[in-house]
Amino acid sequence: MHRRRRTALLLSAAIVAAPLLTACGSDARPGAAAVVGGQRITVAQLENRVGEVRAAQRAAVPDDAQYAQVIAKSGTLPRDVLHTMVLDQVLHRAAQDAGVTVTRKELQRMRSGLEEQVGGAKALEAAWLQQYGIPPQRLDENLRLQLEAQKLATSLGTDTGKPAFWNALSAASKKLDIDLNPRYGTWDVQKSGRADAKTPWVREVTGTRQTA
């Protein structure tokens, strides 16, 4: 799987192209985008996270035409962000199960090293936003998860592209009993990733929004 061959720096920010979704009728989980470990990720929380990304993108691309292109290229942002939010919890649970922790000093060391590589704090923030859809205020949070992934792999005697690492995430996914709102797809426990699901009350649209 291509995603598994990527480094941990891509682990919680994979962006894929797909049609927009619109839904009608009642949901199985009213107000919830997902339930992870018995805890709800509400639609409001998801929309807030999506709003953070859009605000950062707008600030980075003030030109209206260019911003429209950014929007067009990231039409699946709500589902991508939800994937990130769920996978973050899966990874954190797998790290906890393995006794893996990340210190503030380790996080600062990683961030400083990355800033040195790309040319400063602003350049790092811009790179994470453009490549991974991570807004500046979520950068440290994301880097902590990357460190957790790296340290988890090390504790397992493997790396983030090998089956042993993804088996640990799969085990964590099972323990968390993840349930996604059908409008956002389903959670594939074996792959520890979101998959699109087709349901009678969810329609794919590629143009204007439709209502039921």
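Residues numbered from 1 in each chain as written. Predicted model: local features only at pLDDT ≥ 70, side-chain atom pairs only at ≥ 80, totals over all residues. Heavy atoms only, no water.

**Q** What should I look at first to understand the environment of Arg93 in this one?
**A** Among the secondary structure elements, Arg93 is positioned in helix H4 (residues 77-97). Residue class for Arg93 comes out partly exposed when judged on its relative accessible area of 26%. Expressed as a C-alpha distance, the spacing of Arg93 and Ala168, which sit 75 residues apart in the sequence, is 9.5 Å. With residues up to four places along the chain from it excluded, the contact list for Arg93 reads Ala172, Lys175 and Leu176. (Helix = DSSP H or I, 4+ residues; strand = E, 2+ residues; numbered from the N terminus. Buried < 20%, exposed > 50% of the residue type's maximum accessible area, 1.4 Å probe, protein only. Contact = heavy atoms within 4.5 Å.)

**Q** Sorry, what's going on with the sheet that holds strand S2 (residues 32-36) here?
**A** Working definition: the strands of a sheet are paired by backbone hydrogen bonds and lie parallel or antiparallel to each other. A sheet is described by the order of its strands in space; here three strands give the open sequence S3-S2-S4, paired in antiparallel fashion. Strand pairing shows two members of the sheet lacking a second neighbour, strand S3 (39-42) and strand S4 (179-180), which therefore form its edges. With four bridges connecting them, S2 and S3 associate as antiparallel partners. Residue pairing across strands places Ala34 opposite Ile41, the latter belonging to S3. Strands S2 and S3 of the sheet are contacted by helix H2 (residues 43-60), whose axis makes an angle of about 50 degrees with S3. (Pairing = 2+ DSSP bridges. Axes fitted to C-alpha atoms, helices over the stretch in contact; angles between N-to-C directions.)

**Q** Explanation requested: the environment of Ala126 in the structure shown.
**A** Within the element layout of this structure, Ala126 appears in helix H6 (residues 121-132). Taking the relative accessible area as the measure of exposure, Ala126 reaches 42% and is therefore partly exposed. Remark: the alpha-carbon pair of Ala126 and Ala60, spanning 66 residues in sequence, is separated by 7.8 Å.

**Q** Got a minute to help me understand helix H8 (residues 163-176) in this structure?
**A** Residues three or four positions apart in an α-helix share a direction because the helix packs 3.6 residues into each turn. With 14 residues, H8 extends 20 Å from end C-alpha to end C-alpha; this agrees with the ideal 20 Å at 1.5 Å per step. Looking at H8, one finds that the buried residues are Phe165, Trp166, Leu169, Ser170, Ala172, Ser173 and Leu176. Take H8 and look down its axis: the buried residues cluster within an arc of 160 degrees, on one side only. Among the exposed residues of H8, those oriented more than 90 degrees off its buried face are Pro163, Asn167 and Lys174. Looking one or two places after H8, you find Asp177, whose phi comes out positive at around 50 degrees. (Expected span 1.5 Å × (residues − 1). Arc of directions from axis to C-beta.)

**Q** Explain the pattern of salt bridges to me, please; I cannot follow it from the model alone.
**A** Two side chains bearing opposite charge may form a pair once their charged atoms approach each other closely. All chains considered together, the criterion is met by 13 salt bridges. Measuring nitrogen to oxygen at the nearest pair gives 2.9 Å for the salt bridge that ties Arg111 to Glu115. Within this pair, Arg111 and its partner Glu115 are both found in helix H5 (residues 104-118), separated by four residues, close to a single helical turn. One salt bridge in this structure joins Glu125 and Arg111, with 3.5 Å as the shortest N-O distance. You can see Glu125 sitting in helix H6 and its partner Arg111 sitting in helix H5, a full 14 residues away along the chain. A relative accessible area of 17% means that Glu125 is categorised as buried. Accessibility expressed as a relative area gives 16% for Arg111, which makes it buried. The structure contains a network of salt bridges with shared partners spanning Arg104, Arg111, Glu115, Lys122, Glu125 and Asp140. (Salt bridge = Lys/Arg side-chain N within 4 Å of Asp/Glu carboxyl O.)

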